[in-house]
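The residues making up each chain are set out below.
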Amino acid sequence: MQLNRPLNPTERVLMGPGPSTVPQRVLRALAAPTLGHLDPEYLTIMDETRQMLRQVFQTNNEMTLAISGTGSAGMEAAVCNLVETGDEMIVCVNGVFGGRMKDVAQRFGAVVHAVEAPWGQGIELEQIEAALKAHPKTKIVGIVHAETSTGEHQPLEAIAKLVRKSGRLLIVDAVTSLGGIDIPVDKLGIDVCYSGTQKCLSCPPGLAPITFSPRAVDAIDRRQSKVTSWYLDVSMLRSYWSNERVYHHTAPINMTYALREALQIVLEEGLEERIARHAHNYRMLRAGLEALGLEYIPQHSLTTLNAIKIPAGVDDLAVRKRLLKDFNIEIGAGLGPFKGQAWRIGLMGASSSQANVMLVLSALEQLLVEQGVAVERGAAQAAAAVANKSVASLV
Ligand SMILES: *Cc1c(COP(=O)(O)O)cnc(C)c1O
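Residues numbered from 1 in each chain as written. Predicted model: local features only at pLDDT ≥ 70, side-chain atom pairs only at ≥ 80, totals over all residues. Heavy atoms only, no water.

(A) A negative patch on the surface, seen in detail. Judged by side-chain charge, E157, D182, E272 and E273 come together as a negatively charged surface patch. Within the fold, D182 resides in the loop between β8 (169-173) and α7 (185-188). Among the residues examined, D182 registers a relative accessible area of 38% and is labelled partly exposed. (Patch = residues over 30% accessible without salt bridge, like charges linked within 9 Å, V, L, I, M, F, W, Y side chains within 5 Å. Areas by Shrake-Rupley, 256 points an atom, 1.4 Å probe, with all protein chains shown as cover. Salt bridge = Lys/Arg side-chain N within 4 Å of Asp/Glu carboxyl O. Lys, Arg positive; Asp, Glu negative; His and termini not counted. Charge placed at Lys NZ, Arg CZ, Asp CG, Glu CD. Helix = DSSP H or I, 4+ residues; strand = E, 2+ residues; numbered from the N terminus. Buried < 20%, exposed > 50% of the residue type's maximum accessible area, 1.4 Å probe, protein only.)

Given below as structure tokens:
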């Protein structure tokens, strides 16, 4: 340790499960002068941020805000505001983050009925139908849209419709999808949707965008007991984010600037165009990885995160160390049962670019050859280029 050296972090190519690369514009926003949390100028910035969040969530929900904390704080806020001790909740578990939602719900006193699927597979509509039938007192259903531990993309249309029709409340984890994969909150009829800033929004970690439907707000208003978290109690946060401006806790002012700038970048690009860019770069990367002989884990892959099997005999840690040291690239390791079994390559926000696709493919090609894997030199780039062209010709 050398405490008196100047701080000088390396500019990495961030291709893991988040954080993604943060654009200079967002970093400059962080460095803008700190205002007071009740300064009229700051209150205007808050209002603008909320409005932009509504656009990105594709919602008209009044109760749309940013929780102070990372994506996990968003998960806790979603759960703790809806759950009262003894409430029954169905939680879908097919990876680490579904498992985490179950744990969070239990900690806040919910009686959890887990609906499970093998890792790398999606949750089927029939499973939720059966669980609702078996547990008619269920108040809430929780599900992860983009399961970052397995790369599985969970379709929501039919499930959201079913939950809405049955009169239950639906919580959706959109941490790895908001700003990268379409998640139209109002159209789907989601009651609470939360995300994080450091994944597809390409902002540093520290805030959790969240939105509550009028039905969810109504349920919160009808609670018999106080929310068991003081910090995340939306009935109190609402007084600060609304025109009352009642102090609750000091907002992370400069992080709000950064989020506002990151959202501005999303809206300048256009939500639809941004989602299409993520899909395009995913197809290129997938073609390249498969040309290297690498196999995808999920049944329906996310376009924002690529979970692939590490080939037999390849040293996981050695490859990731070399990627970081010699190529400056960060990718993610496997989580939970996938530890040592999987690599997770993120293409999120600003990190989702053709240049990054080509860079990670050439680095992996080199390292796999060194690890003794039979790889055809140049095949990955060629396959990615073909995918690039064939996708481009479609638009
Ligand atoms: C990253 C992630 C989280 C947790 O977010 P943090 O910002 O790390 O707290 C929750 N859910 C999913 C699906 C994630 O990918």
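(B) Main features of the side chain of N306. Mapped onto the fold, N306 is located in strand β11 (residues 305-309). Separated by 2.5 Å, the side chains of N306 and Y296 make a polar contact. Residues contacting N306, with those up to four places away along its chain left out, are Y282, L285, L289, Y296, W343, R344, I345 and L347. (Polar contact = N/O pair within 3.5 Å; in protein donor to acceptor, adjacent residues only side chain to side chain. Contact = heavy atoms within 4.5 Å.)

(C) Here's a closer look at the side chain of N94. Along the chain, N94 turns up in the loop between β3 (88-93) and α4 (96-107). Residue N94 is classed as buried on the basis of its relative accessible area of 4%. In this structure the side chain of N94 is engaged in a polar contact, spanning 2.7 Å, whose partner is the backbone oxygen of Q121.

(D) Layout of the site of the ligand. Near the ligand lie 13 residues; those nearest to it are T70, S72, T148, D173 and K199. In this structure, D173 approaches the ligand through a side-chain N or O atom, which is 2.7 Å from a nitrogen atom. Separating an oxygen atom of the ligand from a side-chain N or O atom of Q198 is a distance of 2.8 Å. Elements with a contribution of two residues or more to the shell around the ligand: α3 (71-82) and α4. (Near = heavy atom within 4 Å.)

(E) Quick look at the domain arrangement of the protein chain. In terms of domain boundaries, the protein chain breaks down into domain 1 (23-268) and domain 2 (271-394). When each unit is reduced to the centre of its C-alpha atoms, the spacing between domain 1 and domain 2 is 29 Å. Across the boundary between the two partners, domain 1 contributes 30 residues, which contact 22 residues of domain 2. Around 2,000 Å² of area is buried between domain 1 and domain 2 when both sides are counted, 65% of it from carbon and sulfur atoms. Counting every contact that joins domain 1 to domain 2 gives zero salt bridges. Across the domain 1-domain 2 interface, the total number found is ten residue pairs in polar contact (both at pLDDT 80 or more). For the side of domain 1 that touches domain 2, the elements supplying multiple residues, two or more each, are α2 (40-57), α4, β6 (146-147), β7 (152-153) and α10 (253-269). Residues that form the side of domain 1 that touches domain 2 fall into these classes: eleven nonpolar, 15 polar and four charged. (Domains from an automatic or database assignment. Buried area = accessible area lost by both parts, 1.4 Å probe. Nonpolar A, V, L, I, M, F, W, Y, C, P; charged D, E, K, R; others polar.)

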